[in-house]
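Coordinate analysis (summary)
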Amino acid sequence: MNLEITKATRQSYGEKLAELGEKNKDIVVLDADLSGATKTSIFAKKFPERFFDMGISEQDMMSTAAGLATFEKIPFASSFAMFACGRTYDQIRNSIAYPNLNVKICASHAGVTVGEDGATHQMIEDLGIMRGMPNMVVMCTSDDLQTKWAVEEISKIKEPVYLRLCRYATPLIYDETQKFEFGKGIQIGEGTDATIFATGVTVSEAIKAKEELEKKGINIRVIDIHTIKPIDEELIIKCAKETKKLISIEDHNIIGGLRNCYF
Amino acid sequence: MALASKLNHEGIRVYCICGDGELQEGQIWEAAMTSSHYKLDNLCLIVDNNNLQIDGKVDEVMSIYPIDEKFRSFGFEVINIDGHDMNQIINALNKAKTVKGKPTAIIAKTIKGKGVSFMENVADWHGKAPKDEEYKLAMEELN
């Protein structure tokens, strides 16, 4: 697999959102003073009348998104993961998740891979927080094509969604022949020595590990879990039966992270 | 909702009632900023200003006064009324409908538990339901 060409999933998100805005006039986008970084600026430039900069007011952004959803709009609310779900737990729980409103929380800059922004911005608890929310669909995508597929997919489901995106450019893993299915993990390789479960930025790292291990005669498989909730139970059980070990690679706290989905 | 209504050109007016104690929450002021920034003149906020919250008097727990000046500085049209006077309530609501380009805040001065001797101005009644006997007594006084 050629993992040389790279692109950040937040960039793919911004591009796809602007494309969807053309077809679907109900899509509205909110941001909290970070549109240049979350890439909602691409949508904002094309559709300024459907873009709302809420300033550095993430709590109000989530409540406003909830209000817009009650009027049959499809709000996409974006910020960095730390602020999009760290600062807004109460508003998401009570105004979006419990009433099951059609709000898409698309959070960029998740995980320690946000890098030099430091610990205050390195959100490693978001998957745990969002998985615990009733009705909330949780996704985390690993490359450009998968992100674009996911953005379109979530615009069609009438449920609250949390989509976790990354700051840094990561390899393009998939080509046009790859089929994506909501709630279904993607198996890469047939190895039986171990299964590595990965999501988002860790998928390409897991593939690199798989290729290194092959040279040493260790054959593993990688499972790309793009839909974290609902989780692909069937595939996890299949891997548990077929392989000797289950390993997760996380850009997240183990507590509440991917490992917690199966163990 | 007020923003969505503007977006849809539906002409729907949104009325929002909040307590005075909850003005201590930061999110209220985030929303106040948003309402005036997006010129939501279809939004009418009614503040129930009875000066009581769970821990006691609002001005003693964490003062939020002056309420009217705060909302004015946040870009609201502000109307102060006696919240027990129906004429003042109707006039204020009618006036709010005529305001253009900004939201309205009606600050309604009220007395918690008004009309029931053992409930009036008692913070303890902020968050509990009356027992059957208390309910009967209260209803007799109100009738």
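Everything quoted here is computed from the prediction, not taken from an experiment.

Adjacent strands of a sheet pair through backbone hydrogen bonds, lying either parallel or antiparallel. Residue and element names in this part refer to chain A. Ordered in space as β3-β2-β4-β5-β7-β6-β12, the 7 strands form an open sheet in which the pairing is mixed. Each edge of the sheet is formed by a strand with only one pairing partner; in this case those strands are β3 (51-53) and β12 (227-229). The sheet shows a mean angle of 20° between the axes of neighbouring strands, taken without regard to direction. Of the strand pairs in this sheet, strand β4 (residues 74-80) and strand β5 (residues 104-108) are connected by 5 bridges, and their pairing is parallel. Bridge pairing in β5 links Ala-77 to Ile-105. Those strands touched by helix α8 (residues 144-156) are β2 (27-31), β4, β5, β6 (137-140) and β7 (161-164), and its axis lies near 170° from that of β7.

Moving on, we come to the sheet that holds strand β9 (residues 186-188) of chain A. Residue and element names in this part refer to chain A. Here 4 strands make up an open sheet; going across it, the order is β9-β11-β10-β13 and the pairing mixed. Every other strand in the sheet has two partners, leaving β9 and β13 (246-248) as the edge strands with one partner each. The average undirected angle you get between the axes of adjacent strands in this sheet is 25°. Across the sheet, helix α9 (residues 202-215) is in contact with β9, β10 (194-198) and β11 (220-224); its angle to β11 comes to roughly 170°.

A word on the packing of helix α4 (residues 58-70) of chain A against helix α6 (residues 89-97) of chain A. All names here are of chain A. Contact pair α4 / α6: the axes reach a minimum separation of 9 Å and the direction vectors enclose 5°. Judged on the interaxial angle alone, α6 and α4 are roughly parallel. Judged by residue contacts, Gln-59, Met-62, Ser-63 and Ala-66 of α4 engage Gln-91, Ile-92, Ser-95 and Ile-96 from α6. Of the residues belonging to the contact of α4 with α6, the class tally is 4 nonpolar, 4 polar and no charged.

In terms of nonpolar packing, the biggest core is built from 106 residues, with Ala-65, Cys-85, Ile-105, Ala-107, Met-139 and Tyr-162 of chain A together with Ile-106 of chain B touching the most fellow members. Residue contributions to this core peak at 6 residues, all from α4 of chain A. Two domains each provide a minimum of three residues to this core, namely domain 1 (6-171) and domain 2 (186-262) of chain A. Apart from residues no more than four positions distant in its own chain, Ile-105 of chain A is found in contact with Ala-77, Ala-84, Cys-85, Ile-92, Val-161 and Tyr-162 of chain A.

In this assembly, 12 residues from chain A lie in contact with 10 residues from chain B. Residues of the side of chain A that touches chain B, tallied by class, amount to 3 nonpolar, 7 polar and 2 charged.

This part covers the packing of helix α1 (residues 9-23) of chain A against α8 of chain A. All names here are of chain A. As a packed pair, α1 and α8 sit with axes 8 Å apart at the nearest point and diverge in direction by 45°. Taken together, the axes of α1 and α8 are oblique relative to one another. Relative to α8, α1 is oriented so that their crossing is right-handed. Facing α1, whose interface residues are Thr-9, Ser-12, Tyr-13, Lys-16, Leu-17 and Leu-20, α8 presents Asp-144, Thr-147, Lys-148, Val-151, Glu-152 and Ser-155.

All names here are of chain A. Across the 5 residues of β10, 4 count as buried, placing the element largely inside the fold. By the bridge criterion, 5 bridges tie β10 to β11 in an arrangement that is parallel. Each bridged residue has a counterpart across the sheet, and for Ile-196 the counterpart in β11 is Val-222. The handedness of the β10 to β11 crossover, carried by α9, is right-handed.

This part is about unusual backbone geometry. What is expected of a backbone is that most residues other than glycine have negative phi and most peptide bonds are trans. In this chain, Lys-229 of chain A is followed by Pro-230 of chain A through a cis amide linkage whose omega measures 5°. Of note, Pro-230 of chain A is situated in the loop between β12 and α10 (233-242). Cis geometry marks the peptide bond from Tyr-65 of chain B to Pro-66 of chain B; its omega dihedral reads -5°. With respect to the helices and strands, the residue Pro-66 of chain B is situated in the loop between α3 (58-61) and α4 (67-73). At Lys-39 of chain B, a residue that is not glycine, the phi angle is positive and equals roughly 50°. Along the chain, the position of Lys-39 of chain B falls in the loop between α2 (26-37) and β2 (43-49). A positive phi angle is found at Asn-121 of chain B, which is not glycine, with a value near 60°. Structurally, the position occupied by Asn-121 of chain B is in the loop between β6 (104-109) and α6 (132-142). For Asn-121 of chain B, a count of 13 C-beta atoms within 10 Å corresponds to the partly exposed category.

In the predicted model, chain B carries a mean pLDDT of 96, and 100% of its residues have values of at least 70. Our summary of model confidence lists the complex with pTM equal to 0.94 and ipTM equal to 0.91.

Another point: the environment of Glu-141 of chain B. Residue and element names in this part refer to chain B. Structurally, Glu-141 can be placed in helix α6. For the pair Glu-141 and Tyr-15, spaced 126 residues apart in sequence, the C-alpha separation works out to 30 Å. Every residue in contact with Glu-141, bar those within four places of it in the chain, is listed here: Gly-115, Val-116 and Ser-117.

All names here are of chain A. Once the domains are mapped, chain A shows domain 1 (6-171) and domain 2 (186-262). Placing the centre of domain 1 and that of domain 2 at their C-alpha centroids yields a distance of 25 Å. Counting from both sides, the interface comprises 21 residues of domain 1 and, opposite them, 16 residues of domain 2. Elements represented by at least two residues in the side of domain 1 that touches domain 2 include exactly α7 (126-131), β6, α8 and β8 (170-171). Top element by residues in the side of domain 1 that touches domain 2 is β6. It accounts for 4 residues. Within the side of domain 1 that touches domain 2, the residues separate by chemical class into 11 nonpolar, 7 polar and 3 charged.

Reading the values: the criteria
Residue indices follow the written sequence of each chain, beginning from 1 at its first position. Lettering for chains starts from A, numbering for ligands starts from 1, and both go in the order in which the items are written. Under the rules for a predicted model, residues below a pLDDT of 70 receive no local features and side-chain atom pairs below 80 are neither given nor counted, while totals for whole chains, interfaces and linings still include all residues. Two strands form a pair only when DSSP identifies at least two bridges running between them. A run of DSSP states H or I qualifies as a helix once it reaches four residues; a run of E qualifies as a strand once it reaches two. Both are numbered from the N-terminal end. Orientation is described by lines fitted to C-alpha atoms, with helices fitted over the stretch in contact, and by angles between N-to-C directions that extend from 0 to 180 degrees. Any pair of residues counts as being in contact when their C-beta atoms, constructed from backbone geometry, are within 7 Å of one another. Each angle receives one of four descriptions, namely roughly parallel if under 35 degrees, roughly antiparallel if over 145, roughly perpendicular if within 65 to 115, and oblique otherwise. Throughout this entry, Asp, Glu, Lys and Arg are counted as charged residues, while Ala, Val, Leu, Ile, Met, Phe, Trp, Tyr, Cys and Pro are counted as nonpolar. The remaining residues, Gly among them, count as polar. We call a set of buried Ala, Val, Leu, Ile, Met, Phe, Trp, Tyr and Cys residues a nonpolar core when their C-beta atoms link them within 7 Å. Partly exposed residues are those whose C-beta has more than 12 but fewer than 20 other C-beta atoms within 10 Å; with 20 or more the residue is buried, with 12 or fewer it is exposed, and the C-beta atoms are placed from the backbone. Segmentation of the chain into domains, including their bounds, is taken from an automatic or database domain assignment. Whether a crossing is left-handed or right-handed is set by the direction in which the near helix is turned from the far one by less than a right angle, anticlockwise for left-handed and clockwise for right-handed. For the handedness criterion, the strands are oriented away from the viewer, and a crossover whose path from the first strand over the helix to the second runs clockwise is classed as right-handed. The pLDDT score gives, residue by residue, the confidence of the prediction method on a 0 to 100 scale.

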